[in-house]
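Results of the structural survey
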Amino acid sequence: MMKTLVIANQKGGVGKTSTLVHLAYYFADQGLKTAVIDLDTQANASFTLGAFKSGTVASSLFKNMARFDLAPIDNMAVIEADPPLANLEKMKLEDAAPAFRASIGRIEANGFDVCLIDTAPSLGIAMVSALLAADYVASPIELEVYALQGVKKMNATIAGIKQQANPKLEFLGMIPSKVDGRNPRHTLHLAELTAAFPTLIMPTPIGNRSSIADALASHCPVWEIRKTSARVAAKEMLAMAKHIHDKMEIA
């Protein structure tokens, strides 16, 4: 049975796409047939994972009876973001969500083991539809005051959807991202968050490291960057990916 994970945060610039991209590479490296859906009109995941584009575009997943077949390349197939995604807000949720859920079912019917969904930093039709169809959600967070303000809001959104419409949805937790261990403010905020949400802060923080940006620009995971400076980032990303893989109980 395919398992679906949404990477979501209503605050932008917190490391959502870098998290999703590295999860996609990790799962594919584990031999899992991995589908990636890019619902963010910025299309950053589509850019980095361009070698795995399937020819299917994300807006088509919101059409009733969407027809498509996905053939993975090296265990991965990307359904890329496209400009018509911007028109989703004109749709009614009661139309968009069932169509998207049916498309997730078709991806599963294509034999995929896992589906990863990147979302835009706003609680719109696309994000809500994704959360209604998903098994799991994880939220990268930045340890700055503006990002922290959105943590409770995101938690409330996930809890509301789980309680009212998708009881199978499991919140895997928050991933501290772009962490500067030398910054006392980051250390303080991480301690405060861990105290406030002891079961929801993942024990796999990701440092603010330039090698991660180098990897995204080079269309590869950071563990393939052959620089000494990338070793710590690679260790952190691999630990995060393995943690999520284990939490999802993927065989």
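The paragraphs below set out a description of the structure included in this document. Note that the structure is predicted; figures quoted are calculated from it, not measured. (Residues numbered from 1 in each chain as written. Predicted model: local features only at pLDDT ≥ 70, side-chain atom pairs only at ≥ 80, totals over all residues. Heavy atoms only, no water.)

1. With respect to the pairing of strand 2 (residues 34–38)
Just so we agree on the cut-off: Each residue is placed in one exposure class: buried if its accessible area under a 1.4 Å probe, protein chains only, is under 20% of its type's maximum, exposed if it is over 50%, and partly exposed if it falls in between. Starting at the N terminus, helices and strands are each numbered in turn, a helix being any DSSP run of H or I of at least four residues and a strand any DSSP run of E of at least two. Strands are labelled as partners when DSSP assigns at least two bridges between them.
Burial analysis of strand 2 places five of its five residues in the buried class, which makes it a mostly covered element. Side chains of strand 2 alternate between two faces, with Thr34, Val36 and Asp38 and Ala35 and Ile37 buried alike. Inspection of the sheet shows strand 2 paired to strand 4 (residues 76–80) by four bridges, in the parallel sense. Pairing of Ile37 across the sheet is with Ile79, part of strand 4. Where strand 2 meets strand 5 (residues 114–118), five bridges bridge the pair, whose relative direction is parallel. Each residue of the ladder has a partner; that of Thr34, found in strand 5, is Val114.

2. Considerations on helix 6 (residues 184–196)
Residues spaced three or four apart along an α-helix point in a common direction, a consequence of the helix completing one turn every 3.6 residues. Which entries qualify depends on this criterion: In a helix, the anticipated span is given by 1.5 Å times the number of residues less one. Arc, as used here, means the arc of the directions from the helix axis to the C-beta atoms. Polar contacts, as counted here, are pairs of nitrogen or oxygen atoms within 3.5 Å of one another; within protein the pair requires one atom able to donate a hydrogen and one able to accept it, and residues that are adjacent in sequence qualify only if both atoms are side-chain atoms.
Here helix 6 contains 13 residues, and its C-alpha end-to-end distance of 18 Å stays within 8% of the 18 Å for a straight helix at 1.5 Å per residue. Taken residue by residue, helix 6 has His186, His189 and Leu193 as its buried positions. One side of helix 6 holds all its buried residues, which, seen down the axis, span an arc of 65°. Turned more than 90 degrees off the buried face of helix 6, the exposed positions are Pro184 and Ala195. Regarding helix 6, its N-cap is Asn183, as a side-chain oxygen of that residue lies 2.8 Å from the backbone nitrogen of Arg185 further along.

3. Notes on the side chain of Asp82
Note the cut-off: Positive charge is attributed to Lys and Arg, negative charge to Asp and Glu, and no charge count is given to His or to the chain ends. We define a salt bridge as a side-chain nitrogen of Lys or Arg found within 4 Å of a carboxyl oxygen belonging to Asp or Glu. Should any heavy atoms of two residues lie within 4.5 Å, those residues are considered in contact.
With respect to the helices and strands, the residue Asp82 is situated in the loop between strand 4 and helix 3 (93–109). One buried charged side chain, Asp82, makes no salt bridge at all; its nearest oppositely charged neighbour is Lys63, positioned 7.2 Å away. Polar contacts involving the side chain of Asp82 include one to the side chain of Ser59, which spans 2.5 Å. In this structure, Asp82 is in contact with Val57, Ala58 and Ser59, ignoring residues within four places of it in sequence.

4. Some details on the packing of helix 3 against helix 4 (residues 125–133)
Operational definition: Working convention: axes come from line fits to C-alpha atoms, limited for helices to the stretch in contact. Angles between N-to-C directions cover 0 to 180 degrees. Oblique is the label for any angle not covered by the other classes, which are roughly parallel (under 35 degrees), roughly antiparallel (over 145) and roughly perpendicular (65 to 115). Here a crossing is taken to be left-handed if its near helix is turned anticlockwise relative to the far helix by less than a right angle, and right-handed if that turn runs clockwise.
Their axes nearest at 9 Å, the elements helix 3 and helix 4 cross at an angle of 50°. As judged from the angle between their axes, helix 3 and helix 4 are oblique. Crossing handedness for the pair helix 3 and helix 4: right-handed. Residue-level contacts link Leu93, Ala96, Ala97, Phe100, Arg101 and Ile104 of helix 3 to Ile125, Val128, Ser129, Ala130, Leu132 and Ala133 of helix 4.

That is the geometry; function is a separate question.
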